[in-house]
Amino acid sequence: MNLFCIGLSHHTANVATREQFAGGATAESIVREAGCTEALLLSTCNRVEVYAVSQSRISTDEIARCLMRKSDTDPHDYAPPFYRYEAEKCVQHLFRVASALDSMVVGESEILGQAKKAYESARTSGAVGPYLHRLFQRAFRVAKQVRTHTDIARGAVSIGSVAVDLAQRIFGKFSDRKVLVLGAGETSERTARALISRGVSDLRVSNRSMDRAAELAQAVGGRAISFDEWAPQCREIDILITSTASETPLLTPEKLAPMLRERLDRPLFIIDIAVPRDVDPGVNEIEGVYLYDIDSLQSVAEQSLALRRQQVAAAEVIVAEHVTEFVDSISRAFHPAPQTAEHASLGKNSLRTSEL
Amino acid sequence: VDRYLLIFSTACFLAAVVRTSVALRAGIFRLGKFNFLAIGLGFIFQTAFLSVRGHELGRCPLTNLFEVFIFLAWSVAAIYMLIGPAYRLSLMGAFTAPLVVLLQGFALLAPIDIRHPVKVPSNPWLEFHASISLVAYGAFALACIAGVMYLVQERQLKTHHLHSIFYHLPPLTDLFAAITRLLWWGFALYTLGIVSGFFTGHPLPRVQVGAALGVWLLYAAILQGRHLRWLAPTRVAALCIIGFSVALTLLWGITFTAQMHSLP
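The rules behind these values
- Residues numbered from 1 in each chain as written.
- Chains lettered and ligands numbered in written order.
- Predicted model: local features only at pLDDT ≥ 70, side-chain atom pairs only at ≥ 80, totals over all residues.
- Heavy atoms only, no water.
- Helix = DSSP H or I, 4+ residues; strand = E, 2+ residues; numbered from the N terminus.
- Contact = heavy atoms within 4.5 Å.
- Buried area = accessible area lost by both parts, 1.4 Å probe.
- Salt bridge = Lys/Arg side-chain N within 4 Å of Asp/Glu carboxyl O.
- Polar contact = N/O pair within 3.5 Å; in protein donor to acceptor, adjacent residues only side chain to side chain.
- Nonpolar A, V, L, I, M, F, W, Y, C, P; charged D, E, K, R; others polar.
- Core = buried A, V, L, I, M, F, W, Y, C linked by side-chain atoms within 4.5 Å.
- Buried < 20%, exposed > 50% of the residue type's maximum accessible area, 1.4 Å probe, protein only.

Caption draft 1: Examining the environment of F166 of chain B more closely. Within the secondary structure layout, F166 of chain B lies in the loop between α5 (124-159) and α6 (172-197). It is 7.5 Å that separates the C-alpha atoms of F166 of chain B and Q156 of chain B, two residues lying 10 residues apart in sequence. Not counting the four nearest positions on each side in its chain, F166 of chain B is found in contact with L166 and R169 of chain A together with Q153, Q156 and L157 of chain B.

Have a look at this one:
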């Protein structure tokens, strides 16, 4: 029994190469064309990988040929970026991939969902048998354990998600929070949408152009406020997202401080994504006000990434433990002792060293 | 035997402190069950100690400064065990354990376990007064701990430097709500403690009454400032730390003075 993984990822191939192999095959077609016993295709924007089980060795070229979108292209052109992991290394690779240790953004959450989807699709088509079933179920368990027992997925790593994440750290639930979007730019719209998806129900939009404000308000389910009336809103709101094209700061400590006197016990979170900035940096000195401009959001994103990288070693330990345990358990399950001469080569050691 | 129980208890709390310190130094603080289990075990040993001492004395074990400190540490751990799960238990434990270690460590090392030459007769009102006041101190201690957590998080948010511990702290507004609730609980229990003091049948020493009223007024002022929104949350958090430091110093003073007076 040969267990192997053949693929290419952002580590080995650029997007132009990757796209030559993405979407050209299905798990079922690989089983049929390459002669595998079981196969599963994991195709995402950063990787195209085939996990397969076969009775005899199947070459990398053969799998590459199955994956190619255009049949007239010579697979040898693409052979170099392909990697191949066999037996225990294949198990380890899958566990690392599912745990987002091999991802472009370490600790990202999408890959686990994509792996689950790929498994479901292969299972439905009948391409997954007992071997890959066990392998992927264990991979999902490992990924969950890594996320639970390490900080690998802690902290947001993109500007928009950092803003939403910080807001959540300050306010907890968003259901009774009031948000004002000042300036109807694309980033502020994305941030506003993210806040709404997390439960914000009171969203106000203000823009120099009232039409644009009304348009955005309607799109996100909020209400438009005249640009002349945005400042007094600071007495009520909890979150201010600002991204206007103003050349001078719209909000200064002198303007804001008197408005906050009546709301001393409620924090105000200001996300200033405008360049030049809409909010005077001195505003951050006011008690209960937390001002984040584009640079500070970027800095928090970098800190989160650094934190995630610190967690890789701990995650690798969890992966290694599971690899050993899985290899042992799968060997026992598929090749129970005592082994006959006929099956001796399929024993525990065969998965470890394998010709595979 | 009872001192060994206390040493085991302190060792459990110390284990939680060491583990947290190592994690913080490595920059990879993570929530886990270890702290909660260590504190739980420490709490069991504390309870066993108080029970053994209580049986030995034939009354609530609050007859000297040593016992007062242990009872206070027990109150802190008990309130944490009760409310901890509501606010990310392990993290509050990470802040609670050092306080308990300080209280118990001091009690164990300082020569303050001075036994009364004659058996102190049981007085239910006096025992109720002393124990309920110490439970109130436990609530004030937890408010102080929540205040520290609030200020740590607030500082990190202001400076935009987020340590790994930041991601395990409860939301700022939830933490402030917790501080307020703990202050109210502590204040109500402390008021009950003071009132019950008038039913003990003993003449009340002026210094003790003055100190107790001073602490009561301090917390009343903090709560009033919070209620009328005169005080910003950071001030309330800082005052919780100051308030508990003052209360603890006065408690020490009161108990120490009482102990001196009761000795022949």
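Still more ground to cover, so stick around.
Caption draft 2: Just the interface of chain A and chain B, in detail. Listed per partner, the contact involves 34 residues of chain A and 33 residues of chain B. Of the roughly 2600 Å² buried where chain A meets chain B, counting both sides, 50% is carbon and sulfur surface. Three residues, R169, D265 and Y290 of chain A, lead the burial of chain A against chain B; their summed loss comes to 26% of the area buried on that side. Linking chain A with chain B are 3 salt bridges, by the criterion used here. A salt bridge links R226 of chain B to D265 of chain A; the nearest nitrogen and oxygen atoms lie 3.6 Å apart. Inspection of the chain A/chain B interface yields 17 residue pairs in polar contact (both at pLDDT 80 or more). When contributions to the side of chain A that touches chain B are tallied by element, the ones reaching two or more residues are α7 (159-171), β10 (289-293) and α11 (294-310) of chain A. Broken down by element, the residue count for the side of chain A that touches chain B peaks at 7 residues, all from α11 of chain A. Its residues placed into classes, the side of chain A that touches chain B shows 12 nonpolar, 13 polar and 9 charged.

Caption draft 3: Representation of the nonpolar core within the structure. Counting 112 residues, the largest nonpolar core has I239 and F269 of chain A as its most contacted members. With 15 residues, the single largest contributor to this core is α5 of chain B. Sequence-distant contacts of I239 of chain A, that is, excluding residues within four places in its chain, are made with A167, F171, F174, K178, V179, L180, L195, L268, F269 and I271 of chain A. If you look at the next biggest cluster of nonpolar residues, it comprises 41 residues, including C5, A27, C90 and L94 of chain A.

Caption draft 4: Expanded view of the pattern of salt bridges. Residues and elements named next belong to chain A. Taken as a whole and assessed by the stated rule, the structure comprises 25 salt bridges over all chains. The salt bridge involving D238 is made with R177; its shortest N-O contact spans 3.6 Å. Residue D238 is located in the loop between β7 (223-225) and β8 (239-242), and its partner R177 is located in the loop between α7 and β5 (178-182); the two are separated by 61 residues in the primary sequence. A salt bridge links D238 to R266; the nearest nitrogen and oxygen atoms lie 3.4 Å apart. One end of the pair, D238, is in the loop between β7 and β8; the other, R266, is in the loop between α10 (253-260) and β9 (268-272), with 28 residues separating them in the sequence. A single salt-bridge network, built from bridges that share partners, covers R47, E49, R96, D102 and E316.

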